[in-house]
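Understanding the architecture of this molecule
What follows is each chain in one-letter form.
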Amino acid sequence: MPRASSSLRVTVVALLCLALAACGSRLEPETVAQVSGGSGGVAGADGGLGGTTPDGSVPGSSGGSGGTGGSTGSTGSTGSTGGGGSTGGGGSSGGGGGTQGTGENAADGGTKAGSCDGFKNQTGITDDTISLANVADISGPVPGIFESAQQATRAYIEYFNSTSDICGRKLSVQLLDSRADAGADQQAYTKACDEAFAAVGSMGAFDSGGAGTAQACGLPDIRSTTTTPERRDCATCFAAQSVDPSQINGAMPRWFAEKFGDAVQRAAVIYINAGAAAVNAQMFRNAYAKAGWKIEYFQGIDVSEFNYAPYVQQMKDKGIRLVTYTGPYQNTVKLLDAMQQQGFKPDAFVQDATIYDARFVQEAGDNGNGVYAWSTTALFDNTSIKEMALYRAWLDQVKPGAIPNFFGLYAWSAARLFVEQAVALGGKLDRSSLVAAMAKVKDWTGNGLHVPQQVGAKTTATCGAVFQLGGGAWKQVSSGQYMCGSLLSGN
């Protein structure tokens with residue numbers, strides 16, 4: 001790959017990460033491979049490569065009989081995971097062949113089903129199928145960056161179809177590619193408006209594109225996470241992870257103030273100077289000051305910068321004792337390397353869930369030991385949480401060996417939320433009634449996968465947990481399941 005092209009791709013990786021900085025964005029292993037000069041194709045659901053069609057759909061994603069037998073096929077409707085329970089192409093996840101939950105962990109959440117009297121076919125609903133759409137960045141500058149959201153959505157639909165239905169109808173999902181582009185997001189949502197009843201589990205770096213389209217057609221859009229103000233303000237759009245950029249979770253800075261005392265009086269806020277990071281960093285700076293911190297060093301670092309030594313020296317000169325960083329984990333590794341080379345050892349180094357990633361652990365090596373990560377999810381390995389065990393098991397059936405991650409977990413949660421609301425509505429289910437029901441959702445945890453989220457109010461979560469890396473493994477170091485506190489204004 002020519003050097004100029006490689007540099008451009010690295011820059012775009014950083015920009016995409018930073019567009020999601022407030023959400024704890026993470027790059028997939030496929031992304032790292034692509035940026036490092038690997039194949040430039042689109043990562044398929046089976047780890048292979050494919051393309052997207054001119055209308056933005058992922059090949060093999062639509063239709064009712066594809067099941068999960070194809071590499072990027074969606075969950076099928078009747079005849080795929082229903083009936084005898086086998087998946088398309090000879091799969092084995094249906095009909096009880098996969099892990100099953102009971103009670104609130106059952107596929108329908110144990111929700112009391114509404115009467116099916118008066119149920120009407122409508123856009124995206126036929127006599128035997130409710131068709132959904134999932135729109136995610138699959139191709140584009142960073143191939144496969146949010147493929148995990150499509151994998152998790154498919155996984156939940158496989159789970160649901162294996163045992164359940166909504167008024168006699170199975171679920172299917174059409175996978176659409178927003179290509180890390182606002183225009184492509186709009187195109188995909190135009191298609192979803194025409195062909196799907198609702199969109200579920202979607203995830204895009206530039207999700208402003210389809211916001212107006214979704215609202216104009218009344219499409220319920222229950223996302224993994226929203227990333228732009230336009231999507232948050234869309235009247236028919238909601239997210240399993242609710243975020244208001246101007247509201248900062250106060251539990252994290254208060255925890256560090258309590259644990260490290262005077263160290264927060266000599267704190268640094270460092271960020272990659274691109275995309276949304278500068279605005280987010282200023283919000284963090286303002287909020288942390290309200291939690292008792294004193295920010296002695298506030299610095300952006302250009303994406304093209306490879307020499308982090310001057311910034312580390314400036315922190316040493318200022319006597320910085322606590323460092324926070326916003327940016328992609330690859331740049332975190334550079335910063336930690338420079339800190340080690342210059343013998344700079346602050347009392348604490350903390351970042352959002354961007355670094356809660358196996359690639360960071362591998363690339364950072366010993367320099368990563370002791371760093372802290374702030375997250376709104378449970379540990380992925382905590383399969384004592386029944387819902388986490390279900391997510392892991394069904395994800396592995398959709399794509400054996402798939403790695404669970406932040407956006408996939410919230411996409412699974414979004415799919416469950418859709419199902420539970422639709423089941424409860426029964427014969428009253430239509431687009432407007434679903435939107436009205438979503439607006440009332442509060443304290444949604446996805447059955448313990450994550451902190452309580454105010455889905456209807458669209459406000460930032462007030463709870464979270466602090467993880468620490470040691471010996472190549474993450475562990476939770478904050479007390480209780482989650483710690484909570486009042487929100488802080490970033491203005």
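Throughout what follows, the structure given in this document is the object of discussion. (Residues numbered from 1 in each chain as written. Predicted model: local features only at pLDDT ≥ 70, side-chain atom pairs only at ≥ 80, totals over all residues. Heavy atoms only, no water.)

Our next topic: the pairing of strand β7 (residues 237-241). Remark: a regular strand shows side chains that alternate across the two faces of the sheet. Across the five residues that make up β7, a large majority, five, are buried. The pairing of strand β6 (residues 221-225) with β7 spans four bridges and is classified as parallel. Paired with R223 across the strands is A239, a residue of β7. (Buried < 20%, exposed > 50% of the residue type's maximum accessible area, 1.4 Å probe, protein only. Helix = DSSP H or I, 4+ residues; strand = E, 2+ residues; numbered from the N terminus. Pairing = 2+ DSSP bridges.)

Attention shifts here to helix α9 (residues 309-317). Along α9, the residues classified as buried are Y311, V312 and M315. Burial along α9 is one-sided: seen end-on, the buried residues are contained in an arc of 100°. Residues of α9 that are buried sit in contact with β9 (267-272), β10 (295-301), β11 (322-326) and α10 (329-341). (Arc of directions from axis to C-beta. Contact = heavy atoms within 4.5 Å.)

Time to look at the sheet that holds strand β5 (residues 198-200). With respect to topology, five strands assemble into an open sheet ordered β4-β3-β5-β6-β7, the strand pairing being parallel. Two strands in the sheet have a free side with no partner beyond their single neighbour: β4 (170-177) and β7. Each strand axis lies, on average, 30° off the axis of its neighbour in the sheet, ignoring direction. Direction of pairing for strand β3 (residues 129-136) relative to β4: parallel, over a ladder of eight bridges. Paired with L132 across the bridge in β4 is V173. On the sheet, helix α4 (residues 182-195) packs against β3, β4, β5 and β6 and is oriented at approximately 155° with respect to β4. Relative to the sheet, helix α13 (residues 406-425) contacts β3, β4, β5, β6 and β7, its axis offset from that of β6 by approximately 155°. (Axes fitted to C-alpha atoms, helices over the stretch in contact; angles between N-to-C directions.)

On to the pattern of salt bridges. Summed over all chains, the structure comprises twelve salt bridges. Of the charged contacts in the structure, one is a salt bridge between E296 and K294, with a shortest N-O distance of 3.5 Å. Residue class for E296 comes out partly exposed when judged on its relative accessible area of 26%. Residue K294 is classed as partly exposed on the basis of its relative accessible area, which comes to 46%. Among the ionic contacts, a cluster of salt bridges with common partners joins D185, D207, D221, R223 and R231. (Salt bridge = Lys/Arg side-chain N within 4 Å of Asp/Glu carboxyl O.)

The next thing to look at is the state of the cysteines. Summed over all chains, the structure comprises four disulfides. Paired through a disulfide, C193 and C217 show a sulfur-sulfur distance of 2.1 Å. Taking the torsion about the sulfur-sulfur bond, which here is approximately -70°, the covalent link between C193 and C217 counts as left-handed. On the criterion of sequence distance, the pair formed by C193 in helix α4 and C217 in helix α5 (residues 211-217) is long-range, its members being 24 residues apart. (Disulfide = S-S within 2.5 Å.)

We now examine the nonpolar core. General note: in soluble globular proteins, nonpolar side chains tend to be found buried as a group. By size, the foremost hydrophobic cluster in this structure holds 101 residues, and its most contacted members are I130, M315, F360, W412, F418 and W474. At 14 residues, the largest contribution of residues to this core is made by α13. Formed by 28 residues, the second largest nonpolar core is a distinct cluster that contains A251, V269, F284 and V350. (Core = buried A, V, L, I, M, F, W, Y, C linked by side-chain atoms within 4.5 Å.)

Within the secondary structure, A196 is located in the loop between α4 and β5. For A196 and P220, which are 24 residues apart along the polypeptide, the C-alpha to C-alpha distance reads 9.8 Å. Not counting residues up to four positions away in its chain, the partners in contact with A196 are T123, G124, S131, L132, A133, K191, L219 and R431.

As a further point, take helix α8 (residues 277-290). Between its first and last C-alpha, α8 extends 20 Å over 14 residues, near the 20 Å set by a 1.5 Å rise per residue. Within α8, burial applies to A277, N280, A281, M283, F284, A287 and Y288. Mapping the buried residues of α8 onto a view down its axis gives an arc of 160°, with all of them on the same face. Among the residues trailing α8, G292 stands out with phi positive, at a value near 100°. (Expected span 1.5 Å × (residues − 1).)

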